[in-house]
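Here's the letter readout for the chains.
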Amino acid sequence: MIRHLAAALAALPLAAQPASAQTASSAQTASDGWTVAGLDQPAEIVVDRSGLAHIYAANARDAFFLQGYNAARDRLWQIDLWRKRGLGQLAENFGASYVKQDRAARLFLYRGDMAAEWARYPEGTKNRYEAFAAGINAYVDAVRAGDRPLPVEFGLTQSVPARWTADDIVRIRSNALVSNVKQEVLRAQTLCKGGAAAERVRRRLTPDRQPVVPAGIDPCSIPAEVLGDYDLATKEVSFPAPVAEARSEGTDPVDGSNAWVIAPSRTATGRPILANDPHRAFAVPSLRYVVHLDAPGLSLIGAGEPALPGVALGHNGEAAFGLTIFSTDQEDLYVYELKPGDPDSYRYRGGWEKMRIVSETIAVKGGAPVTATLRFTRHGPVLSQDDQTHRGFALRTVWSSPGAAGYAAAMWLAHAKTWADFQRARAHWGTPPLNLMWADPSGTVGWSAAGLTPARRNWDGLLPVPGDGRYEWDGFLPPDRLPSSKNPTNGWFATANEYNIPAGYPSSPPIGYEWPDRSRFDRIEEVLRGNPKISVDDVARLQMDKHSAMAPRLIALAAAIEPRTPEARRALDLLRSWDTEENSDSVAATIYETWLTRHLGPALIGRVVAPAARKLLDTGSPDTTLAILERRDAMLGDAPDALIATVLTESLDAALADLGARLGPDMDKWQWGRLHKLTIDHALAARATPDLATKMRIGPVSVGGSGTTPAMTLYRDASFAAIHGPTVRLVIDVGDWDRSLFLNMPGQSGDPADPHYRDLLAGWKDGTYRPLPFSRDAVMKAAERVIRLTPRQ
């Protein structure tokens, strides 16, 4: 039947929504009646004016069934691609150029006992996943039958949506965030080519530590391309396919977030407030999907990923919960001595141990099937083997452990009412590693670090280790060993991915050393400390805050330099009088960001790092560069002040020359938004007609902020293009739920022709939030469309 469907794609309607859905600007509520195979009892999906679907079902099973059905209604292409990428089924749908990405993805599938996997989650979780998958399948079947429209992307790729199983969802691991294997490889290369000094310039460790090279490891023996399969498995799907020789960029994702909880004693209403804005790469459709499930015994609203049941951040009518990334080191690269003449055997504890070999067939569209050979050591999937040096490399990762499916442990939060319930959820958390936040109407607020945490008793996890048995995980740290804070005395708790392990916490075994700088947290802390009675509107403004807590550090250093040109003098005057707000119309922000991120680091690196290592450091870490200059590090030599002045002066002159070439000679026209723009291209835009490609594209729009402001808009290269930041924003008024607010960027829908594809972008940019209605009355007042669903007999 699939072959016939592929040939008949042109006969199917190419739109994700029927025309009756397009009523976003109308005050009148549209109404539809659908029959749905697999639904047990009549139900409703109420779509509000923000595109948020409120699902009302007669029982919890139907609620999760309809969550899957609705996810397919709004995001079928996105979730279908998520599944095919994760399971390694891209070549079957898009051709032979995806075979290597498929093989890489299959290396990281969960291959353990499924009973042990499901046992890590609350009772009934498997049933909920099965219902969710059945709902997706019901919509897929309707699309295949021509009863529901086929999203335009399937036509552009001449592919069809697939059917799901519950096991498939949790077996996919490569979509769940873990770290730090990329850092291990880049650290080894840096130590090889530049020594300890180069590594100190490259990455600041917290707490401060000199990496110890494990006995039996030569940093120069770690090849740069060792993570090729890892990169292919974890990267997004692109059209055309990514090159097979993918190479690690050496950076872990800055997939952080901001979150804070405020106790009743510190709020204007006397109710707790929870705020959360998780950061990921900007994408269209949005990575997140906001949804509301309502059934007897179930009441849940918030954001998650559309391919997963439940929500990961939001509330259940009894309590609110949120999250940010907690930088637990959950990965290790193992290096093996391979047996000469038998490269499938590796040395372990004085003997030779055989790899486990798995052969799988990868179906290929338009071509013959390909047999993929996958190898595994006791530690994990084999990434690379070198027959010349008789070395092999494998990855140990928490992905291989039961309970490590991304966000699946959020099911423990769906019915959590008390702090004890919250701690139970924390105790079962796998991936990603998180700061979990909590607030309930009783006034209890707090934080707990969560996630599978390897116990390394005899090494720090910062470099690859021999796989011969000397470096083994001693299981995982007991969950109650991870730090936590209930009802903090200051009346609030915030996290922005900074190093937040309390003083006195045991340093062995280590949790991790690689944390984002604390600039966002410092600004959040400043604002929360300064306001004794915080309102929901105050919280929303703080999420939109573009104040840089890092900028004063560079400005303070610059006080000691004497400008060499009139342009440099004027630039320094602008910086010294600047309020450090990185608004899109700010000239000072442009000078500061260009100086700090594009020129200051290279000026320092060029003077203190060996030439062979400089390319590995690129432009350097701004936080690390500033710290070296601030503390007059010993690497600056016997005359640190003179060297600092030279580095600052020359880099400022270079930044001003750079800006003159980019923006012209008139400094008054160097507004930050002229450089710092947001543009999001759909992965298939290049295959679309010009008109459709225009509909698919988001932006360009000028934006303020940067990678170190609470309103995060991170850029990573010389284009200054905003590529990463808040994908969704929630502000929850705990106990008066209808007063809560949200934004999902750029919109809820995955259909470029739907107004809800981009209608939340303007609010995301300027801080105009949308209501997050929860009660039935509030939902119906906001309703744009009601879809009445009845079981198909």
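Quantities reported herein were computed from a predicted structural model and do not represent experimental measurements.

(A) Structural detail: the packing of aromatic side chains. Under the definition given, this model contains 27 aromatic pairs. Ring centres 6.1 Å apart and planes at 5° place the aromatic pair W82 and W164 in the stacked group. One end of the pair, W82, is in helix α2 (residues 60–87); the other, W164, is in the loop between α7 (152–157) and α8 (166–171), with 82 residues separating them in the sequence. As far as the burial class goes, W82 and W164 line up, both buried. For the pair Y499 and W515, a centre-to-centre distance of 5.4 Å together with 80° between the ring planes defines the contact as edge-to-face. Remark: W515 occurs in the loop between β21 (492–495) and α12 (519–529) and Y499 occurs in the loop between β21 and α12; sequence separation between them is 16 residues. A relative accessible area of 6% places W515 in the buried class.

(B) Up close: the sheet that holds strand β9 (residues 320–325). Within the open sheet, the eleven strands sit side by side as β1-β28-β2-β3-β6-β7-β8-β9-β17-β18-β20. Their pairing is mixed. Edge positions in the sheet fall to β1 (30–36) and β20 (484–486), since each has one partner strand and no second. Geometrically, the sheet is characterised by an average inter-axis angle of 15° between neighbouring strands, direction not taken into account. Relative to β20, strand β18 (residues 445–450) is paired through three bridges, and the arrangement is antiparallel. If you follow G446 over to β20, its bridge partner there is K486. In the packing of α2 onto the sheet, contacts are made with β1, β2 (43–48), β3 (53–56), β6 (289–295), β7 (298–304) and β28 (783–791), and the angle to β6 comes to roughly 155°.

(C) Spotlight on the side chain of D48. For D48, the position within the fold is in strand β2. A polar contact of 3.0 Å, which involves the side chain of D48, links it to the side chain of H54. Residues within four places of D48 in sequence aside, it is in contact with H54, H756, P773, A782, A783 and E784.

(D) Fine view of the state of the cysteines. This structure, assessed with the given rule, holds one disulfide. Between the sulfur atoms of C192 and its disulfide partner C220 the distance amounts to 2.1 Å. A torsion of 105° about the S-S bond marks the disulfide between C192 and C220 as right-handed. Within this pair, whereas C192 is found in helix α9 (residues 181–202), its partner C220 is found in the loop between α9 and α10 (228–234), the two being separated by 28 residues in sequence. Its relative accessible area of 32% is what places C192 among the partly exposed residues. By relative accessible area, C220 is classed as partly exposed at 46%.

(E) The arrangement of the environment of L692 in detail. Tracing the sequence through the fold places L692 in helix α21 (residues 690–696). Judged by relative accessible area, which is 17%, L692 ranks as buried. In the structure, L692 is positioned ten residues away from H682 in sequence and 10 Å away in space, judged by C-alpha atoms. In this structure L692 touches V152, L156 and P752, once residues within four positions along its chain are discounted.

(F) Here's a closer look at the pairing of strand β22 (residues 677–680). Residues L678 and I680 line the buried face of β22, whereas the alternating positions K677 and T679 sit on a face that is not buried. Taken together, the three bridges between β22 and strand β23 (residues 698–702) define a ladder with antiparallel strand orientation. Looking across to β23, one finds that I680 is bridged to I698.

(G) Spotlight on the pattern of salt bridges. As enumerated under the stated definition, the model contains 52 salt bridges in all. Residue R163 is joined to D141 by a salt bridge in which the shortest nitrogen-to-oxygen separation is 3.0 Å. Separated by 22 residues along the polypeptide, R163 in the loop between α7 and α8 and D141 in helix α6 (residues 125–144) bring together distant segments of the chain. On the basis of relative accessibility, which here comes to 32%, the residue D141 falls in the partly exposed class. Notably, a salt bridge pairs D342 with K354, separated by 3.0 Å at the nearest N-O pair. One end of the pair, D342, is in strand β11 (residues 342–348); the other, K354, is in strand β12 (residues 351–354), and twelve residues separate them in sequence. When its relative accessible area of 19% is taken as the criterion, D342 is described as buried. Exposure remark for K354: the relative accessible area of 54% places this residue in the exposed category.

Calculation notes
- Residues numbered from 1 in each chain as written.
- Predicted model: local features only at pLDDT ≥ 70, side-chain atom pairs only at ≥ 80, totals over all residues.
- Heavy atoms only, no water.
- Phe/Tyr/Trp six-rings, centres within 6.5 Å; stacked < 30°, edge-to-face > 60°.
- Helix = DSSP H or I, 4+ residues; strand = E, 2+ residues; numbered from the N terminus.
- Buried < 20%, exposed > 50% of the residue type's maximum accessible area, 1.4 Å probe, protein only.
- Pairing = 2+ DSSP bridges.
- Axes fitted to C-alpha atoms, helices over the stretch in contact; angles between N-to-C directions.
- Contact = heavy atoms within 4.5 Å.
- Polar contact = N/O pair within 3.5 Å; in protein donor to acceptor, adjacent residues only side chain to side chain.
- Disulfide = S-S within 2.5 Å.
- Salt bridge = Lys/Arg side-chain N within 4 Å of Asp/Glu carboxyl O.

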